[in-house]
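Now for the letters of each chain:
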Amino acid sequence: MDVSMLQRTYTDLLTSLFREGILNQQFIELQQLQDENNPGFVNEVVSLFFEDAGRLITELISNFNQQAVDYKKVDAYVHQLKGSSASIGAEKIRSVCQTFREYYDKNDIQGCYNCIQPLKQEFMTFKSKLEALFALEQQIVAAGGSIPMMRH
């Protein structure tokens, strides 16, 4: 595939991530912090998010599987996940965390529990889509092209 085709595919994928509500404006702001001195900045930040979010979700599920659920700990995990997802523009993950916290504030434990599967699903979707986006970036750079910047 030539560079222009790769760039078009990249732009189409990125556009679809915004249209589907998976990403928000914060992701573009994160991209704008990347420059030639640190070309892998966004990939590094998002990879750290993958690790951290994966760990938090695992802890969250583990806590809900305990006989005596530590709801303060659960709230802390969700609060941290909400903040980190907001900081990189992971909109759907942030939204599920927001819903979870609303249930938590109402002491609706079943509502909280019902948010776990959608949270896990949104994380997996986000991770696979961003990994595909980063793979395209690598192909574009390897072919001698530059990553198209999006103004959303």
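Residues numbered from 1 in each chain as written. Predicted model: local features only at pLDDT ≥ 70, side-chain atom pairs only at ≥ 80, totals over all residues. Heavy atoms only, no water.

### Here we look at the nonpolar core
If you look at the biggest cluster of nonpolar residues, it comprises 45 residues, and the most contacted ones within it are Val-46, Phe-49, Phe-126 and Leu-130. Mapped onto this core, the elements with two or more residues apiece are helix 1 (3-19), helix 2 (25-32), helix 3 (41-64), helix 4 (71-88), helix 5 (91-105) and helix 6 (109-142). Looking at which element gives the most residues to this core, the answer is helix 6, with eleven residues. In this structure, Val-46 is in contact with Phe-27, Leu-30, Ile-88, Phe-126, Leu-130 and Phe-134, ignoring residues within four places of it in sequence. (Core = buried A, V, L, I, M, F, W, Y, C linked by side-chain atoms within 4.5 Å. Buried < 20%, exposed > 50% of the residue type's maximum accessible area, 1.4 Å probe, protein only. Helix = DSSP H or I, 4+ residues; strand = E, 2+ residues; numbered from the N terminus. Contact = heavy atoms within 4.5 Å.)

### Regarding helix 2
Three- or four-residue spacings in an α-helix give side chains the same orientation, since the helix completes a turn every 3.6 residues. For helix 2, every residue scored as buried is listed here: Phe-27, Ile-28, Leu-30 and Gln-31. All buried residues of helix 2 lie within an arc of 155° about the axis, which places them on one face of the element. At the N-terminal boundary of helix 2, the capping side chain belongs to Asn-24, with an oxygen 3.0 Å from the backbone nitrogen of Gln-26. (Arc of directions from axis to C-beta. Polar contact = N/O pair within 3.5 Å; in protein donor to acceptor, adjacent residues only side chain to side chain.)

### Quick look at helix 6
Between the first and last C-alpha of helix 6 there are 49 Å, a value that for 34 residues agrees with the 50 Å anticipated at 1.5 Å per step. Its side-chain oxygen at 3.4 Å from the backbone nitrogen of Gln-110, Asp-108 defines the N-terminal cap of helix 6. (Expected span 1.5 Å × (residues − 1).)

### Looking at the packing of helix 1 against helix 6
Close contact between helix 1 and helix 6 brings their axes to 10 Å; oriented N to C, the two are set at 160°. Taken together, the axis directions place helix 1 and helix 6 in an arrangement best described as roughly antiparallel. By crossing handedness, the relation of helix 1 to helix 6 is classed as left-handed. Here Leu-6, Gln-7, Thr-9, Tyr-10, Leu-13, Leu-14 and Leu-17 of helix 1 lie close against helix 6, whose contacting residues are Lys-129, Leu-130, Ala-132, Leu-133, Leu-136, Glu-137, Gln-139 and Ile-140. (Axes fitted to C-alpha atoms, helices over the stretch in contact; angles between N-to-C directions. Parallel < 35°, antiparallel > 145°, perpendicular 65-115°, else oblique. Left-handed = near helix turned anticlockwise from the far one by under 90°.)

### Quick notes on the UniProt feature "domain: HPt" (unreviewed entry) in the protein chain
In this numbering, the UniProt entry assigns the feature "domain: HPt" (unreviewed entry) to residues 38-133. Within the segment residues 38-133, helix and strand shares are 85% and 0% respectively, and the terminal C-alpha atoms sit 18 Å apart. (UniProt positions renumbered as here; feature names shortened; annotations may be inferred.)

### Things to note about unusual backbone geometry
Positive phi, normally seen in glycine, also occurs at Asn-107, with a value near 60°. Within the secondary structure layout, Asn-107 lies in the loop between helix 5 and helix 6.

### Quick word on the UniProt feature "modified residue: Phosphohistidine" (unreviewed entry) in the protein chain
The UniProt feature table records "modified residue: Phosphohistidine" (unreviewed entry) at His-79. Mapped onto the secondary structure, His-79 falls in helix 4. Judged by its relative accessible area of 48%, His-79 falls in the partly exposed class.

### Structural notes on the environment of Ile-147
Counting through the fold element by element, Ile-147 comes out in the segment after helix 6. When its relative accessible area of 19% is taken as the criterion, Ile-147 is described as buried. Residues Ile-147 and Val-3, 144 residues apart in the sequence, show an inter-C-alpha distance of 9.9 Å. When residues no more than four places from it in sequence are discounted, the contact partners of Ile-147 are Tyr-10, Glu-137, Ile-140 and Val-141.

### Some words on the side chain of Ser-84
Position of Ser-84 relative to the elements: it lies in helix 4. Ignoring anything within four residues of it in the chain, the contact list for Ser-84 reads Phe-49 and Asp-52.

### Focus on the pattern of salt bridges
Under the definition given, this model contains five salt bridges. Close ionic contact of Arg-55 with Asp-52 constitutes a salt bridge, the shortest N to O distance being 2.6 Å. With Arg-55 and Asp-52 both in helix 3 and three residues apart, this pair spans about one turn of that helix. According to the relative accessible area criterion, Asp-52 is partly exposed, its value standing at 21%. (Salt bridge = Lys/Arg side-chain N within 4 Å of Asp/Glu carboxyl O.)

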